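These are the residues of each chain, in order.
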Amino acid sequence: MFSKILIANRGEIACRVIQTAQKMGIATVAVYSDADARAPFVRMADEAVHIGPAPASESYLIPEKIIAACKETGAEAVHPGYGFLSERASFVEALEAEGIAFIGPPPGAIAAMGDKIESKKLAMEAGVNVVPGFVGEIEDTEHAVRISDEIGYPVMMKASAGGGGKGMRLAYSEQDVREGFEATKREGLNSFGDDRVFIEKFILNPRHIEIQILGDKHGNILYLNERECSIQRRHQKVVEEAPSPFVTPKMRKAMGEQCVALSRAVEYHSAGTVELIVSGDDPTGESFYFLEMNTRLQVEHPVTEAITGVDLVEQMIRVAAGEKLEMTQDDIGIEGWSIENRVYAEDPYRGFLPSTGRLVEYEPPLEGWTNDGSANGRRGVAMGNGGVRVDDGVFEGGEVSMFYDPMIAKLITWAPTREEAADLQITALDNFRIRGLGHNVDFLSAIMQHDRFRSGELTTGFIAEEYPDGFEGAPADDAWLRQLAALFAGAEFTEQVRARRISGQLNGNDNPPSRWMVKIGSQSFDVLLEEGGANVDGETMRGTWDWEVGMPIAQVTGENEMAVQIERIGVRWRMTTRGASHEALVLPANVAPLAKHMIEKIPPDLSKMLICPMPGMLVKLHVAEGEKVQPGQPLATVEAMKMENILRAEKEGKIASINASEGESLAVDAVILELE
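Residues numbered from 1 in each chain as written. Predicted model: local features only at pLDDT ≥ 70, side-chain atom pairs only at ≥ 80, totals over all residues. Heavy atoms only, no water.

**Here we look at the overall build of the protein**
- Check the secondary structure of the protein and you find 16 helices and 39 strands.
- In terms of overall dimensions, the protein is globule-like: its C-alpha atoms have a radius of gyration of 27 Å, near the 26 Å expected for 676 residues.
- Each principal axis of the C-alpha distribution contributes one length, and for the protein these read about 85 × 65 × 55 Å.
- When burial is assessed residue by residue, the protein has 56% of its 676 residues classed as buried.
- Long-range pairs, those at least 24 residues apart, make up 65% of the contacts in the protein between residues at least 6 apart in sequence.
- Element-wise, carbon and sulfur atoms account for 49% of the exposed surface of the protein, whose accessible area totals about 27800 Å².
- In the protein, 66 positive and 104 negative side-chain charges are present, and the distance between their average locations comes to 2 Å. (Helix = DSSP H or I, 4+ residues; strand = E, 2+ residues; numbered from the N terminus. Rg over C-alpha atoms; globule rule 2.2 N^0.38 Å. Buried < 20%, exposed > 50% of the residue type's maximum accessible area, 1.4 Å probe, protein only. Contact = heavy atoms within 4.5 Å. Areas by Shrake-Rupley, 256 points an atom, 1.4 Å probe, with all protein chains shown as cover. Lys, Arg positive; Asp, Glu negative; His and termini not counted. Charge placed at Lys NZ, Arg CZ, Asp CG, Glu CD.)

Listed below in structure tokens is the structure:
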């Protein structure tokens, strides 16, 4: 077994590998860029080596720097995590040339499966079902249009070396192909150094299901069940679970055996994942097709660990050291249900735009990497307290940088049933506090509560279909709003009690009134606070909470137990719980009639400006001054978090002025151009 390993990665996955290595008694080395000098993974490791500036292309993506760090520290092996160099065969060959072990698959398997075009050919030869499409190199946009016309729309354009949702475009028409083909090539080149693109048929009502593979160097290859990863946004996974509510034992066996056969064909060892697309319209489950094989650890590996009790990182290390797998296929079972939500730095209330900046406050429901490895009886897999686990790599006061992936943390829950695992997610998300940048915690909670999610009727179009007009918070019925009204009144009462005591200038009773008018949006509620509850619009509600002035989160007990995040904004209150933020104006009942005399502030007219919706780089201007534009016409392309975002005209007009130039870094809300 190795005595020291180096982790050629950053963030939560570096922390994850370090945690298991420490459990195994193996010393660890972290490598870090300028942006990560204070990151938790650097502190967790036994040693740390600085490898360059913040851009990954100048640090984490340079094999020579990783190898030099191994030599400097005496690390015997490298774990690549995911992303960066994890699927670069030349990196593995360079390590082997220096006598350094790679904790992952052999370079031949990486090369064969990392090229989406070649991997499809291999899958076909191995007898694996593949999606109809063009398996070959595409010359230019016109060639792409001809191919798409022959396959039939819709089609998916994919960068051959792509992954993680990058370098992918869905095209429903020839115009979509013409607009997206070059962007797909650029994303592939920028993210993976390869601008080749292939095109395949897009399966309607698809489910994204993947099989976890684990093999050793002695010819043993197992499948560790499946993961359901259908809830995606822009082809980036958001929610993952294991097992899948769609997969039957018969389907699981058929999929698993095909994926093992494919792995065996490339002499695979270590952990890997075969991604499949399954037609949701076929209840037999027989219509499943090979998409790609990820020759690395997946972001969503914790849900597989949770239901099988297998520590995948530990197994990767043991396999790399030459050990045989101690388990057989018959040992792989399914215990309970696990769900993972990816907490991203993006603002769902503003069209899921990337959000970078400082984590002014960061308080997960429980601390990451301090979990009890014996929780829930899992075999050495840390499931946290009460079935809740947080995998993160950030800290309060740190920054989410524009240079790397926008994921802040992974929230994983395990429970005996799917419904219980989802309920645990909702409770944990209510207690997940993030301030300083936009995040998707409310959105994740809304998904966990959604009737369609609860039913298990999932497809990759879930988010687009259920939130076609964007996200505005989880819906709240009248009963829920009445309970919130009682809490808002209680918060105002508590603060006024404190304020009156501090002044020391009032004689007699220092208590404020008990009757309040609470206005939430356009609805007003009459609230009478009582001992142990409140009367809202004539309906009695029982319950108490532990909130005191200054507390960011309160725990509510009574008819509906929940956690509520509270903050004062000017004269209003904001409460966040159950997937939505609600603001309210709370006034004493005798003052409320005067509210109609308050002057409303009219927001400025920004309709004639193209405003940058996120921090990023202006990659391309599609128009010039004086040019007339039509609704939907591309005006500018902004790159943020390695993704290109096309900004389009919302109405007809003429370009009056352009205030930014291509290649310029833009702040959020920067004015790119103005219309007459």
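Read on for the rest.
**What to know about the nonpolar core**
- With 62 residues, the main nonpolar core has Ile 5, Leu 6, Val 31, Phe 41, Ile 66, Val 78 and Ile 317 as its most contacted residues.
- Non-local contacts of Phe 41, meaning those with residues more than four positions away in its chain, are made with Asn 9, Arg 10, Gly 11, Ala 14, Cys 15, Ile 18, Ala 30, Val 31, Tyr 32, Asp 36 and Tyr 60.
- Within the second largest apolar cluster, 41 residues are counted, among which are Ile 408, Ile 434, Ile 447 and Phe 453. (Core = buried A, V, L, I, M, F, W, Y, C linked by side-chain atoms within 4.5 Å.)

**Observations concerning the packing of aromatic side chains**
- Across all of its chains, the model carries 13 aromatic pairs by this definition.
- Ring geometry for Tyr 60 and Tyr 404: centres 5.8 Å apart, planes at 75 degrees, overall edge-to-face. Residue Tyr 60 is located in the loop between strand E3 (47-52) and helix H3 (63-73), and its partner Tyr 404 is located in the loop between strand E21 (399-400) and strand E22 (407-415); the two are separated by 344 residues in the primary sequence. With respect to burial, Tyr 60 and Tyr 404 carry one shared label: buried.
- Pairing Trp 547 with Trp 573 gives two aromatic rings, centres 5.7 Å apart and planes at 85 degrees, and the pair type is edge-to-face. Highlighted residues: Trp 547 in the loop between strand E27 (539-545) and strand E28 (553-558) and Trp 573 in strand E30 (residues 572-577), separated in sequence by 26 residues. Comparing Trp 547 with Trp 573 shows no difference in burial state: the two are buried.
- Between Arg 43 and the ring centre of Phe 395, over which it is positioned, the NZ or CZ distance is 5.6 Å.
- Its end group placed over the ring of Phe 453, Arg 418 keeps NZ or CZ at 4.4 Å from the ring centre. (Phe/Tyr/Trp six-rings, centres within 6.5 Å; stacked < 30°, edge-to-face > 60°. Lys NZ or Arg CZ within 6 Å of the ring centre and 35° of its normal.)

**A word on the sheet that holds strand E13 (residues 270-279)**
- Across the sheet, 8 strands lie side by side as E14-E13-E10-E11-E12-E15-E22-E20; this open sheet has antiparallel pairing. The open sheet is flanked by strand E14 (288-294) and strand E20 (388-392), the only strands paired with a single partner. Each adjacent strand pair in this sheet contributes to an overall mean axis angle of 25 degrees, direction not counted.
- Bridge count for strand E10 (residues 206-215) against strand E11 (residues 221-233) is 6 bridges, and the pairing is antiparallel. For Ile 209, the partnering residue across the bridge sits in E11 and is Glu 228.
- The strands that helix H1 (residues 11-23) touches are E20 and E22; relative to E20, the one it contacts most, it runs at about 115 degrees. (Pairing = 2+ DSSP bridges. Axes fitted to C-alpha atoms, helices over the stretch in contact; angles between N-to-C directions.)

**With respect to the pattern of salt bridges**
- According to the stated counting rule, one finds 51 salt bridges in the structure shown.
- Arg 435 is the partner of Glu 567 in a salt bridge, and the nearest nitrogen-oxygen pair spans 3.5 Å. Placement of the pair is Glu 567 in strand E29 (residues 562-569) and Arg 435 in strand E23 (residues 433-435), with a sequence separation of 132 residues.
- In this structure, the salt-bridge partner of Arg 574 is Glu 583, at a minimum N-O distance of 2.7 Å.
- Under the relative-accessibility criterion, Arg 574 is labelled partly exposed at 27%.
- Overlapping salt bridges bring together Arg 16, Lys 23, Glu 305, Asp 311, Glu 314, Arg 318, Glu 323, Arg 389 and Asp 391 as one network. (Salt bridge = Lys/Arg side-chain N within 4 Å of Asp/Glu carboxyl O.)

**Concerning the environment of Val 131**
- Tracing the backbone shows Val 131 in the loop between helix H6 (116-125) and strand E6 (133-134).
- Classification of Val 131 as buried rests on a relative accessible area of 2%.
- Sequence-wise, Val 131 and Phe 288 are 157 residues apart; in three dimensions their C-alpha atoms are separated by 8.7 Å.
- With near-sequence residues (within four places) excluded, Val 131 lies in contact with Lys 120, Glu 200, Lys 201, Ile 203, Ile 277, Tyr 289, Phe 290 and Leu 291.

**Details of the sheet that holds strand E37 (residues 653-658)**
- Strand order in the open sheet formed by 4 strands is E32-E39-E37-E34, and the pairing between neighbours is antiparallel. Taken across any chain shown, the strands that pair with only one partner, and hence form the sheet edges, are strand E32 (609-611) and strand E34 (628-629).
- Where E37 meets strand E39 (residues 671-675), 3 bridges bridge the pair, whose relative direction is antiparallel. Looking across to E39, one finds that Ile 655 is bridged to Leu 675.

**Topic: the packing of helix H4 (residues 89-97) against helix H5 (residues 107-114)**
- Interhelical geometry of H4 versus H5 gives an angle of 170 degrees and a closest axis separation of 8 Å. Taken together, H4 and H5 sit at an angle that is classed as roughly antiparallel. Residues Ala 89, Val 92, Glu 93 and Glu 96 of H4 touch H5, and the partners they reach there are Pro 107, Ile 110 and Ala 111.
- Residue classes in the contact of H4 with H5 are distributed as 5 nonpolar, no polar and 2 charged. (Parallel < 35°, antiparallel > 145°, perpendicular 65-115°, else oblique. Nonpolar A, V, L, I, M, F, W, Y, C, P; charged D, E, K, R; others polar.)

**A short note on the packing of helix H12 (residues 418-430) against helix H13 (residues 441-449)**
- Close contact between H12 and H13 brings their axes to 9 Å; oriented N to C, the two are set at 155 degrees. Relative to H13, H12 is oriented roughly antiparallel. H12 and H13 meet at a crossing whose hand is left-handed. Across from Ala 422, Gln 425, Ile 426 and Leu 429 in H12, the residues of H13 making contact are Val 441, Leu 444, Ser 445, Met 448 and Gln 449.
- Of the residues belonging to the contact of H12 with H13, the class tally is 6 nonpolar, 3 polar and no charged. (Left-handed = near helix turned anticlockwise from the far one by under 90°.)

**Some thoughts on the pairing of strand E12 (residues 236-242)**
- For E12, the tally of buried residues reaches 7 of 7 residues, placing the bulk of the element in the interior.
- Pairing geometry for E11 and E12, over 4 bridges, is antiparallel. Considered in E12, the bridge of Glu 228 is made with Glu 241.
- Hairpin connection, E11 to E12: the antiparallel pair is bridged by 2 residues, and Arg 234 has positive phi, about 55 degrees.
- In this structure, E12 lies alongside strand E15 (residues 337-344), joined through 4 bridges in antiparallel fashion. Looking across to E15, one finds that Glu 240 is bridged to Glu 340.

**With respect to the environment of Arg 196**
- The residue Arg 196 is located in the loop between helix H8 (174-192) and strand E9 (197-201) in this model.
- Placed 123 residues apart in sequence, Arg 196 and Val 319 show a C-alpha to C-alpha distance of 33 Å.
- A distance of 2.7 Å separates polar atoms of two side chains, one belonging to Arg 196 and the other to Asp 115. (Polar contact = N/O pair within 3.5 Å; in protein donor to acceptor, adjacent residues only side chain to side chain.)

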